[in-house]
Every structure is written in structure tokens, then in C-alpha cells.
Amino acid sequence: MSLKEFKTPYYLCEERLLRKNLELLEHVKKESGAKVLLALKGFAFSGVASIVSEYLDGCTCSGLHEAKYAKEYFCKQKGEIHTYSPAFKKDEFEEISNLSHHIVFNSFEQLRKFKSRVKGSVGIRVNPEVSSSPVDLYNPCGVYSRLGVTRANFEPDQLKGVEGLHFHALCEQDADALEMVLEGFEKNFGEFISKMKWVNFGGGHHITKQGYDVKKLIELVRDFKKRYGVEVYLEPGEAVGWQCGDLYTTVLDIIDNGMKIAILDSSAEAHMPDTLAMPYRAEVRGAGMPNEKKFTYRLTGNTCLAGDIMGDYSFDTPLKVGDVVVFKDQIHYTIVKNTTFNGIKLPDLRLLMSDGRVELVRELGYEEYRRRN
Ligand SMILES: *Cc1c(COP(=O)(O)O)cnc(C)c1O
């Protein structure tokens, strides 16, 4: 496939890489007995919905829009839709309830308010108060967290009709972090687990990352199921979309102001938001750390935000206007978070299929900006 073939910017999701992730998740399902759902929050890509549905049990949704999207693309005929929201709204609840097999409430107040209108299975999210999340922004168990009921706020006399407990305390973590959270969860909520039909272990399991202890995850789930006799759910987002595609951009201009600065037809702020929010350094195909290779550049976005900077990278040969720069692993937590800030064009969505053909899934242009502003 020629890099020059398509108009940048675009994300190219690769079916072959996605299937590799899904096969591993299917292995976890088979060996552990857990059900695995895709958390749409991190990875919603309509072009691969039918592929994901071949392997996983359904979708985890954060509210009405994701639940509708799950139904439209991922769970057309089969597949469970689970919806959790920090707070549900009255005027949306009927539709959410019609779509959802599980509904998870974030407080007992919300549970009381909506319980009688739930058509599927009711759960409550708890805060295990144990987490080793790397960053506060992504720590649901931090101080003053609004996410999940703590043991102190838990109302055991209100559990009538509640069939499941849900926790989500991990972020890009290994199975030993899950083990630690499970210990805290069981210490605080152990007495209620056997009364439940299911426990949802949330997301943040970095299952498809190289080096993740898959065997340990399988053992933890198996052991938990055996001890409590409940169904276990995992709902990864990132692990599904992990390393299954890149963002393709083009160099528009090169400025020299103390160092060489390349301006790309993309944006860290608008198209790679976690590189600024987490923050982390995205890898660039063929590039190294600054000064590691002969020619170093600051790669920057085409917005007016001074800090719209992807980072400093070095290359074996000088960059030229018109060159394509490829940011690796940009499929999860990008497309779902992107904005049309500064009127910058959203990257198109493309899918590289296993047979080598490239499908244009979404072409995004001026309309996206106009519709929203
Ligand atoms: C974000 C989130 C997930 C998915 O997390 P990943 O880190 O993408 O695996 C799952 N469940 C809940 C409740 C979440 O908030």
C-alpha cells in the first residue's frame, strides 16, 4: 500500500492487528469463563463492529448515545448492552432501559430513583478504594472520587433487586494490579458478593499489551467464579483497540526558530488528545528520540494553540514538505475524543482489510465543524 495514496489526515485501523487482539480476548473468555465486553468509551469504530462482534459478548456504554450506537453497529442481532453512567437523566432513561441488558447505578439515590423502570439486570458500582492508577486524571478511586459507592456509603438494606456489583479501578494495568483491587473489593464488599448474579471487573486491563500476565488474569477470574458462583464480566476498551492502527499526517511547512519545527496537517490537541492529557509520547514510524538520529524536528499541529506539540523526534533523513509522518497506535481514545477545535479537519477513518484493500469508513470535513458550531 502506498502512503501517498490517500488524503491525510486519516486513521488507518488494521483488521489483521485488531483480530490478533480479539483472538487473545477470546482466549481469555474461553479459559476464564468471563464474559468480555468492549467499552465503547475508548474504541468506537463502526467499520469494525461486525468483526468485534464475532469475538466479544457485547458493549459497555456510558449513556444513551453509546447504548444506541452499540445497538446500531455492534449488537444488531446478538450481544449484551451494559450501560453505566455517573448519573442518569429522567428523560433518557426509558430509551436506555429499553436498550440495556444491564444497567449499573453509581449511587443508591440513583438506584432508588430508577430501579422500577429497569427492564434488564440491575447493578451498583462500588469504589473498592484501592487503585494504583498511574495518573490522578485516570484514577477512579482517588480522593473525593464521584465514581462508585464507598463501603461507608453502601446501603446493604437497599439491595433488593440488585443482581450485580461493578467496580472499575484500573488504567492500562497488569493482572497484579487487578489482584490488589480484588483484595480491596472483597475486603469491603465480600459479604454481598454471593448474593449477586454477576460481578463486573470494569476495564483498564491491558490484556493485549506485550508482557501482560494473561495466565494470572485467567486464574484470578476462575478462582473468583469458583469461590462466589457468580458470572464475571471484563470490559476493556483500550485492550481491544491497542496497537491496531496509526494516524497518517503530512508535513505542511518547516520553520527554523532555534530548532527545526515541522507543522503537520493534524493536531495533538484535536486528534491525539491523550498525548497532552495523560501525557505520553506517541511513537512515530521510523523516528527516534531527539538527537538519536541525525535530523531532529519538533512535530506540531496546525492549530493556533502554542502547546499543540506532538513532541521532538529525530529522523535518518531530513523531513520535507509533503512527507507523510505516521503516529503509531492512534486508534483508541483518539477518534472518540477528537474535536473540531480551530476548525481543523478531523482525520478520515479508514480500514485496512486483511485482503489488503482499504475501505473509507468515514470521510470527515467541513460539515463536522458546521454542525457543531
Ligand atoms: C473507561 C472505562 C472502561 C474501559 O477502560 P479501558 O482503560 O479503556 O480498558 C471500562 N469500564 C468503565 C466503567 C470505564 O469507565
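In this text, all values refer to a predicted model and were calculated from it rather than measured experimentally.

Quick notes on the rules
Residues numbered from 1 in each chain as written. Predicted model: local features only at pLDDT ≥ 70, side-chain atom pairs only at ≥ 80, totals over all residues. Heavy atoms only, no water. Helix = DSSP H or I, 4+ residues; strand = E, 2+ residues; numbered from the N terminus. Contact = heavy atoms within 4.5 Å. Near = heavy atom within 4 Å. Polar contact = N/O pair within 3.5 Å; in protein donor to acceptor, adjacent residues only side chain to side chain. Areas by Shrake-Rupley, 256 points an atom, 1.4 Å probe, with all protein chains shown as cover. Nonpolar A, V, L, I, M, F, W, Y, C, P; charged D, E, K, R; others polar. Domains from an automatic or database assignment. Buried area = accessible area lost by both parts, 1.4 Å probe. Salt bridge = Lys/Arg side-chain N within 4 Å of Asp/Glu carboxyl O.

## Let's talk about the environment of K216
1) Next: Within the secondary structure, K216 is located in helix 7 (residues 214–228).
2) Next: Counting along the chain gives 194 residues from K216 to L22, while the straight-line C-alpha distance between them is 18 Å.
3) Next: Once residues within four sequence positions are removed from consideration, K216 is found in contact with A175, D176 and E179.

## Quick look at the environment of H101
1) Next: Mapped onto the elements, H101 comes out in the loop between helix 4 (90–99) and strand 5 (102–105).
2) Next: Each C-alpha atom, one on H101 and one on S32, is 22 Å from the other, the two residues being 69 residues apart in sequence.
3) Next: Excluding residues that lie within four positions of it along the chain, H101 makes contacts with G79, E80, I81, G120 and S121.

## Considerations on the site of the ligand
1) Next: Residues in close proximity to the ligand include A39, K41, R125, H166, H168, G203, G204, E235, P236, G237, E238 and Y333, which together make up its full environment.
2) Next: A distance of 2.7 Å separates an oxygen atom of the ligand from a polar backbone atom of G204.
3) Next: The side chain of Y333 places a nitrogen or oxygen atom 2.6 Å from an oxygen atom of the ligand.
4) Next: Considering the ligand on its own, with 390 Å² of exposed area, one finds that the protein chains cover 90% of that surface.
5) Next: Class assignment of the residues belonging to the shell around the ligand gives a composition of 3 nonpolar, 5 polar and 4 charged.

## Some thoughts on the domain arrangement of the protein
Accessible area lost upon the coming together of the parts is a frequently used measure of interface size.
1) Next: The assigned domain composition of the protein is domain 1 (15–241) and domain 2 (244–372).
2) Next: Between the C-alpha centres of domain 1 and domain 2 the distance comes to 31 Å.
3) Next: Contacts between the two partners involve 23 residues from domain 1 and, on the opposite side, 19 residues from domain 2.
4) Next: Roughly 1,700 Å² is buried in total at the junction of domain 1 and domain 2, and carbon and sulfur atoms are behind 62% of that figure.
5) Next: At the junction of domain 1 with domain 2, the criterion picks out 0 salt bridges.
6) Next: At the surface where domain 1 touches domain 2, the tally comes to 6 residue pairs in polar contact (both at pLDDT 80 or more).
7) Next: Sorting the residues of the side of domain 1 that touches domain 2 by element identifies helix 1 (15–32) and helix 8 (238–241) as the ones contributing at least two each.
8) Next: Per-class residue counts for the side of domain 1 that touches domain 2 are 13 nonpolar, 5 polar and 5 charged.

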